[in-house]
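Here is how the chains run, residue by residue.
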Amino acid sequence: MDRNSSITPTPEEIIIIVRELRNDMLRNDQRLQEIMAYLEQLPNSFTTGVTPRHGNKAGWLPEPIVPCWTPSDTNGNIADVQIRQNILEIPASQDNPDDTLSRLRATWFGQVYRSHFKRFPPIRWLALMLWRTIYPLYIRHIATRLAGGATKRWLPLITLTEFATRKPTLTYKLADAAVVESPAPMVSPACEQDYLESPHPQYKFPEIIIASIPDATIYGGTNLVLVDDQVLCHDLYDFERDYTSEELHGRALIDSKSRQIRWLLHDRAPEPIPVAATFVDACAPNYAHWLTEVLPRIALFCAEDRFLDIPIVVNHGLHKNIMESLILVAGAGREIITLPIGRGLTVHELYITSATGYVPFERRERKLSGHSHGTFHPYAFEFIRARLLAVAQQTVFENYPQLVVLRRNSSVRKLTSAPQIEQLLVEAGYSVVEPDKLSFLQQVKLFAHAKVVVASSGAALANIIFSPPTTEIWIFISKHPDTSYWYWQNMAAASNKVVRYILGEAVGGVSRSIHDDFFILPDEVLQTLSRRSAT
């Protein structure tokens with residue numbers, strides 16, 4: 001083709017382009033005027049001595065002053081003695097107690113970065129980019145020359161289904177494959193509806209099985225399993241698109257094109273045990289990943305009478321609410337083994353429950369399309385909801401609110417106008433709740449009782465799987481092309497609900513990351529909720 005040749009648009013196409021540009025300019029101008037009008041109506045916080053929130057890019061915002069709702073059932077947590085009753089803790093490795101990233105964070109440089117620089121998005125983005133680029137080069141060209149043969153070897157990555165097909169494997173089917181309809185969620189303002197690009201109108205989730213794997217080795221901090229000089233993974237991994245937590249933390253190096261892995265965790269003396277079921281996962285410490293990807297697998301496995309006496313293996317050091325949920329679904333009599341990062345277990349007969357839900361840790365290659373926003377099996381959500389609601393209903397719900405605003409206490413993805421939004425919604429009859437101050441069972445009861453839930457995107461929203469189908473779910477979330485908007489929608493669709501988004505603009509200009517702070521007009525939130533309740 002002649003490089004000097006060009007395609008000349010028709011007059012009709014030029015008119016369409018100009019009209020779209022004009023509409024965009026008018027819409028943005030209108031939004032700017034609304035924000036300026038709101039700022040002019042604020043109290044004179046610049047001169048009244050209000051202390052700015054630490055790290056808040058919109059420094060004029062005051063600390064939240066709205067009191068939070070607290071439950072009357074203060075005995076929400078399971079007693080510590082019950083949690084510790086049947087737990088065997090594998091001791092940490094003395095040679096290599098943590099993964100590479102954890103050791104780097106513990107250095108003087110790592111502490112200075114986390115204390116002073118991590119909160120700045122450009123610096124955080126640069127640090128992650130350098131780590132993801134330089135560390136693999138170090139492993140490939142330096143560490144492998146200094147280390148032993150184990151680190152130098154590339155091992156093939158193979159899915160659980162592929163392994164069961166190639167080698168006779170005893171399997172038990174728990175649920176058939178399921179098709180989940182996942183329509184586009186409603187967006188406010190309505191003019192931004194087209195900003196959400198659907199990855200699919202529906203998705204198919206594979207069947208759920210339990211497989212018995214002989215003579216396998218598992219490690220703390222990963223759901224990948226070593227067996228027969230291969231590394232087993234679940235069927236939903238797409239390594240060309242999915243960047244794993246194991247890679248970020250220096251526990252593995254993956255060649256996504258050849259589907260091979262260099263295993264960087266090496267326990268010189270792994271503990272031998274005769275039989276166990278593994279539920280160790282790199283993302284298990286995150287509440288949302290645990291609740292939607294790990295806990296349903298545990299619940300389904302422990303519900304099978306044939307596996308009544310099989311110990312289960314989980315991550316060491318999990319939050320007390322996660323441990324509470326584990327006891328509730330596994331039962332107080334189940335033997336539990338906690339495995340720290342870097343320690344290995346060689347299991348003569350290992351049981352693996354296939355994925356019941358999966359969302360990638362991060363995107364590996366943004367140039368590719370078709371990234372997963374997360375998928376979930378409806379049967380797994382239905383099972384765990386019924387199991388935990390049966391426990392919750394044994395206690396009272398006497399003062400649990402029906403109109404709920406979740407307060408998110410986090411240093412990233414902050415909604416800078418949250419205090420003002422909370423004030424307006426409390427005046428409209430809502431109750432502000434800090435879910436991280438509740439026990440696990442109290443969170444189950446809160447979401448099971450709520451008629452409307454309003455919240456910023458965050459891990460606590462995974463509790464929507466316990467809400468009834470009639471619950472209205474409103475999510476504050478920023479505009480960014482890399483945001484997986486169908487994550488919450490797919491979670492809701494798999495539990496027979498829908499979500500509604502209220503989009504906000506990134507604070508400080510053009511957004512560099514999906515983790516940037518963002519701003520939403522408080523009056524716009526109140527008007528959106530009022531219009532919806534009136535229909």
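Residues numbered from 1 in each chain as written. Predicted model: local features only at pLDDT ≥ 70, side-chain atom pairs only at ≥ 80, totals over all residues. Heavy atoms only, no water.

1. A closer look at the packing of aromatic side chains
For the coordinates displayed, the defined rule picks out 17 aromatic pairs. Here the aromatic residues Tyr172, Phe279, Phe301, Phe307 and Tyr351 are joined through ring pairs into a cluster of three or more. (Phe/Tyr/Trp six-rings, centres within 6.5 Å; stacked < 30°, edge-to-face > 60°.)

2. Section: the packing of helix H9 (residues 287-302) against helix H11 (residues 378-392)
With their axes 9 Å apart at the nearest point, H9 and H11 run at an angle of 70° to one another. By the angle between their directions, the pair H9 and H11 is classed as roughly perpendicular. Residues Leu291, Thr292, Leu295, Pro296, Ala299 and Leu300 of H9 lie in contact with H11, whose contacting residues are Tyr379, Ala380, Phe381, Phe383, Ile384, Arg387 and Leu388. Of the residues that constitute the contact of H9 with H11, the class distribution is eleven nonpolar, one polar and one charged. (Axes fitted to C-alpha atoms, helices over the stretch in contact; angles between N-to-C directions. Helix = DSSP H or I, 4+ residues; strand = E, 2+ residues; numbered from the N terminus. Parallel < 35°, antiparallel > 145°, perpendicular 65-115°, else oblique. Contact = heavy atoms within 4.5 Å. Nonpolar A, V, L, I, M, F, W, Y, C, P; charged D, E, K, R; others polar.)

3. Focus: the environment of Val499
Tracing the chain through its elements places Val499 in the loop between helix H14 (486-493) and strand E24 (500-506). Val499 gets classed as buried once you look at its relative accessible area, which sits at 1%. Taking C-alpha positions, Val499 is 7.2 Å from Ile475, a pair spaced 24 residues apart along the chain. Beyond its immediate sequence surroundings of up to four residues, Val499 is in contact with Pro185, Met186, Ile464, Ile473, Ile475, Trp488, Gln489 and Ala492. (Buried < 20%, exposed > 50% of the residue type's maximum accessible area, 1.4 Å probe, protein only.)

4. Overview of the nonpolar core
Residues Trp290, Ile298, Phe301 and Ile312 are the most contacted members of the largest nonpolar core, which totals 81 residues. Each residue touching Ile312, except ones within four places of it in the same chain, is listed here: Ala277, Phe279, Ile298, Phe301, Cys302, Leu326, Ala330, Arg334, Glu335, Ile336 and Ile337. In this structure, Ile209, Ala216, Ile218 and Leu350 belong to the second largest nonpolar core, which totals 22 residues. (Core = buried A, V, L, I, M, F, W, Y, C linked by side-chain atoms within 4.5 Å.)

5. Regarding the pairing of strand E12 (residues 260-263)
By the bridge criterion, two bridges tie strand E2 (residues 155-159) to E12 in an arrangement that is antiparallel. When the sheet's bridge partners are listed, Leu155 is paired in E12 with Ile261. Pairing geometry for strand E11 (residues 252-255) and E12, over four bridges, is antiparallel. Within E12, the residue paired with Ile254 across the bridge is Ile261. Counted along the chain from E11 to the antiparallel partner E12, the turn is four residues long, and its residue Arg259 has a positive phi close to 55°. (Pairing = 2+ DSSP bridges.)

6. Thoughts on the environment of Arg407
Take Arg407: it is sitting in the loop between strand E20 (403-406) and helix H12 (418-427). Separated by 2.6 Å, the side chains of Arg407 and Glu422 make a polar contact. (Polar contact = N/O pair within 3.5 Å; in protein donor to acceptor, adjacent residues only side chain to side chain.)

7. Overview of the confidence of the model for the chain
In the predicted model, the chain carries a mean pLDDT of 82, and 76% of its residues have values of at least 70. Low pLDDT (under 50) marks residues 1-6, which in the prediction has zero contacts with non-local residues, meaning those over four places away or in another chain. Per-residue pLDDT stays below 50 along residues 43-62; that stretch engages in 33 contacts with residues further than four places along the chain or on separate chains. (pLDDT = per-residue confidence, 0-100.)

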